[in-house]
Amino acid sequence: MKKFACLALLILSTLSLAAQNKELNKDWAKYSRYAGANESVTISPRAVLMGDSITDNWAKLDPDWLREHHLLGRGISGQTTAQMLVRFRNDVVELHPEYVVILAGVNDIARNNGFIKLENVYGNIVTMTELAAAHGIKPVLSTVLPAEVLPWRKELGDPRPSIDSLNTLIKGLATLKGYPLVDYHSAMKDESGAMRAAYCRDAVHPNLEGYKVMEKVLLKVLDKPAAADRPKFQFTEASTLTLLGKVFPDTPKPYERMDFKRFGGWTSKDIDLLEMSSGIMVSFKTDAPEISVKALFKSISGTNASGFAARGFDLYIREKGKWVWAGDCSYGPVHEKANGLEKTLVKNMAPGMKECLLYLPTYSKETSVGIGIPEGYRIEKGDNPFRHRICLHGSSYMHGSNTARAGQTVPAFLSRATGLEFCSLGVSGDCRMQPQFANALKEADVDAFVFDAFSNGSDKSIEANLFNFIETLQSAKPGVPLIFMRSIHRGNRHFNTVADENEAKKAAMADKLMAQAVKKYKDVYLIDSNADDPNQDTSADGVHPAEWGYHLWAESVRGPILKILKKYGIK
C-alpha cells in the first residue's frame, strides 16, 4: 500500500513539474509568431497593422488586399494591449514602416489577462504611439469595433459601455496629438451599437464583407496625408550646400572625413571609422515651414548608443544670434530598409528665412543626404557662421559615443558656444597618436589642434608615440598650438580596481611625458578636463559620458582652450 502511495505521489509531482516547466517556457507575448516573417521583410512596408484576432483574421481573409497596398498584418488572436506593447519593437519598430495602425482593446475589456482599468489600456496604447513616434513611425489610431456581447466572456455582460468609454479616450488622444484616426466603430455599428449582422461572423469578428468596409475606411485615412494635407517635397543634395566641420573639406566622397587617396597607411579599422560622418554639418537657408531629410546609407550603425545620434540627423536654427535646437530624426539599424525613407525634422514653422545647421549621424555612412522642403519654397547655401578652423582629434569621446543627438557632441557644442569651427576627427577606440594620423594631420589646413590623445591605448602606446606625434606635426606646422587634454574620468573606475589601475597608469605616463613636452617643445599645452559630477552619475556605460557628461566636459575645456587660442590671435 505504501509503495502504491509513493508511486502516486511521484507521478503527481512529475506531472506538476512538467506543467510548471511548460508555464516557464511559455512565450507570453508570442515573439515567435512573426519572427520568421519579420526576418524575410526586405522592403519597409507602408504600414504595419498591429492588433489582435480582428487584425489576425484580416490578413487571412484578404491577404491580396494587404499585399496590394503594402501593408503587413501583425495581429495575434486573443492578445491584450500589454502583450502588443511588449512585442511592439519586434513586430513594428524593427520593420521601419511609414505608419503603424493600432487596433486594440477588446481583449482587455474581455479580461483575457485579468482585470485592467480602461485608463491603463489607454496608457498601453499611448506608449505604443510614443514608441512609434520616437522611431520616426507615424501612429494611426483606431476605434474599437462594436460588439454587443463577448462570446467567450458572456459572464461580463454588455461590453458596449466599456467600448464606448475606451473609444472616447482614443479619440481624445488622436485630437490631442494630431494623430490620424480610423473610426471603424462608426462604420461597422448598427442602431443599437452592435456590429451590423451583414459585417460579422459572430458578435466580435468581421467577415470578408466587414473587412471590405474597414479597408475603405483605412485607405481613406492613409491616403489623406499624401493626397491632401502634405504638399509635394523637393530634395536638395546636402553636398551642394555648405558642408562644415571637416578637417579635410575636399574629400572625394563628401560625407567621409578623410581623403584616402591623398594619405596612406590606413588600417581597415581606421578606414571604417573615417568613412563615418561624425561632426559634419550642413549650413543652409530656407523659408520653408517644414524640413525633412531623405538618406541613402552605405552602412548604418547598430550601436546601443542613441539612434538619434548614431544613425540620425539633428537640426539647429539660429534665433536671435543663438543656435536653438529645432528637431531631429532617427533611422532603423538596417540600411537596406532605411534607404530612401523620408523623415521629418521640423514642421509648422512660422514664415520667414531661417539659418539652419544640420548635423549628420555620428556612427553611420551616407552616400546621399537629401534635404527636403515643400515645393514653392526656397533653399540655398548657408554662410559659414564660424571663424577659424580648429582640429579636434580623439577617441570615442570626441567621436560622440552615447550622446543623445548628433548635435550634442563636444565638437558641436564648442562650435556653437564659441563661434569657432571645431572640426571633428574622432575615431572610436583608435586614437593612439599613430604615425598615419600624424602624417595626415600635418597637412590639415587648420589654425590649431586639440587632442583627446590619452583615452585609448595604454601607457606603453603613449610612451611610444607621443614625442614622434608632436615632432611630425611641428615639422610641418611651426607656430600652430597643439593642445592636449587629460583624459576624462571613466565611471567604471570608481569601484573596479583593475580598471582604475589601468587608467591610472595611462594618466601617470601622460602627465610624466607631457611635463617634459611642454618644456621641450614650443606651442605645446596640457589642460585638465572633467565630465563628472560628485556622484559619478554622468556615465552612460561606465566608459562614455551621457549627454550631461559631455556638456560638462565641453564646458570644462572651453575656457582653457579659448585662453590659449587667444595668444595666437584666434578668438
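Residues numbered from 1 in each chain as written. Predicted model: local features only at pLDDT ≥ 70, side-chain atom pairs only at ≥ 80, totals over all residues. Heavy atoms only, no water.

Participant: Where do I start with the overall build of the protein chain in this structure?
Facilitator: Along its length, the protein chain carries 19 helices and 20 strands. If one aligns the C-alpha atoms of the protein chain with their principal axes, the spans along those axes are about 90 × 85 × 40 Å. Restricting the contact set of the protein chain to residue pairs at least 6 apart, pairs at least 24 apart contribute 78%. Per element, the accessible surface of the protein chain, about 25,400 Å² overall, is 53% carbon and sulfur. (Helix = DSSP H or I, 4+ residues; strand = E, 2+ residues; numbered from the N terminus. Contact = heavy atoms within 4.5 Å. Areas by Shrake-Rupley, 256 points an atom, 1.4 Å probe, with all protein chains shown as cover.)

Participant: Please explain the environment of Arg 74 as it appears in this structure.
Facilitator: In this structure, Arg 74 sits in strand 2 (residues 71–75). Under the relative-accessibility criterion, Arg 74 is labelled buried at 4%. As a C-alpha pair, Arg 74 and Ile 102 span 28 residues in sequence and 10.0 Å in three-dimensional space. (Buried < 20%, exposed > 50% of the residue type's maximum accessible area, 1.4 Å probe, protein only.)

Participant: Help me out: how do you make sense of the sheet that holds strand 16 (residues 387–394) in this one?
Facilitator: As a general point, the strands of a sheet are linked pairwise by backbone hydrogen bonds and lie either parallel or antiparallel. On the basis of which strands lie adjacent, the open sheet formed by 5 strands has the order 17-16-18-19-20 and parallel pairing. On the outer flanks of this sheet lie strand 17 (420–426) and strand 20 (524–527), each paired with one strand and no other. When the angles between neighbouring strand axes are averaged without regard to direction, this sheet yields 20 degrees. As judged from the 3 bridges shared by strand 18 (residues 448–452) and strand 19 (residues 482–485), these two strands associate in the parallel manner. Considered in strand 19, the bridge of Phe 449 is made with Leu 482. Strand contacts of helix 18 (residues 497–520): strand 19 and strand 20, with the helix running at about 140 degrees to strand 20, the strand carrying the most contacts. (Pairing = 2+ DSSP bridges. Axes fitted to C-alpha atoms, helices over the stretch in contact; angles between N-to-C directions.)

Participant: I tried to follow the pattern of salt bridges on my own but got confused; where do I start?
Facilitator: Any two side chains of opposite charge can pair, on the condition that their charged atoms come close. Tallied over the full model, the rule gives 25 salt bridges. One salt bridge in this structure joins Asp 314 and Arg 405, with 2.8 Å as the shortest N-O distance. Taken together, the residues span a long stretch of sequence, with Asp 314 in strand 10 (residues 312–319) and Arg 405 in the loop between helix 14 (396–399) and helix 15 (410–418) at a distance of 91 residues. Here Asp 314 falls in the buried class, since its relative accessible area comes to 0%. The partner of Asp 500 in a salt bridge is Arg 493, with the nearest N and O atoms 2.9 Å apart. On the basis of relative accessibility, which here comes to 17%, the residue Arg 493 falls in the buried class. Salt bridges sharing partners connect three or more residues here, namely Asp 272, Glu 275, Lys 298 and Lys 365. (Salt bridge = Lys/Arg side-chain N within 4 Å of Asp/Glu carboxyl O.)

Participant: Help me out: how do you make sense of the pairing of strand 11 (residues 322–330) in this one?
Facilitator: Sheet faces and side chains relate simply in a regular strand, where the side chains alternate between the two faces. Bridge analysis of strand 10 against strand 11 gives 8 bridges, and the strand direction is antiparallel. Its bridge partner lying in strand 11, Arg 318 is registered against Trp 323. The antiparallel pairing of strand 10 with strand 11 creates a hairpin that spans 2 residues between the two strands, and Lys 320 there sits at a positive phi of about 55 degrees.

Participant: What's the story with the packing of aromatic side chains in this structure? I'm lost.
Facilitator: To describe a pair of aromatic rings, you give the distance between the ring centres and the angle between the ring planes. By the definition in use, this model includes 18 aromatic pairs. For the ring pair Phe 313 and Tyr 331, a centre distance of 6.1 Å and an interplane angle of 70 degrees mean the geometry is edge-to-face. Taken together, the residues span a long stretch of sequence, with Phe 313 in strand 10 and Tyr 331 in the loop between strand 11 and helix 13 (335–338) at a distance of 18 residues. Residue classification places Phe 313 among the buried residues on the basis of a relative accessible area of 0%. Relative to Tyr 568, the ring of Tyr 525 has its centre 6.4 Å away and its plane inclined at 90 degrees; by these criteria the two rings are edge-to-face. Note that Tyr 525 is positioned in strand 20 and Tyr 568 in the segment after helix 19 (547–566), a separation of 43 residues in sequence. (Phe/Tyr/Trp six-rings, centres within 6.5 Å; stacked < 30°, edge-to-face > 60°.)

Participant: Explanation requested: the nonpolar core in the structure shown.
Facilitator: In globular proteins that are soluble, nonpolar side chains generally tend to be buried together. Trp 58, Phe 88, Tyr 184, Met 214 and Leu 218 are the most contacted members of the largest nonpolar core, which has 58 residues in total. The greatest single-element share of this core, amounting to 8 residues, is contributed by helix 10 (residues 208–229). Those residues in contact with Tyr 184, other than ones at most four positions away along the chain, are Trp 58, Val 101, Leu 103, Ser 142, Thr 143, Leu 145, Met 214, Val 217 and Leu 218. Among the nonpolar cores identified, the runner-up in size contains 41 residues, and Ala 438, Phe 451, Ala 453 and Leu 482 belong to it. (Core = buried A, V, L, I, M, F, W, Y, C linked by side-chain atoms within 4.5 Å.)

Participant: Explain the sheet that holds strand 9 (residues 291–299) to me, please; I cannot follow it from the model alone.
Facilitator: Strands sit in the order 6-14-9-12 across an open sheet of 4 strands; the sheet is antiparallel. Each edge of the open sheet carries a strand with a single partner, namely strand 6 (233–237) and strand 12 (342–346). Neighbour-to-neighbour, the strand axes of the sheet open up by a mean angle of 35 degrees, direction not taken into account. Where strand 9 meets strand 12, 4 bridges bridge the pair, whose relative direction is antiparallel. Residue pairing in the sheet places Ser 292 in a bridge with Thr 344 of strand 12.

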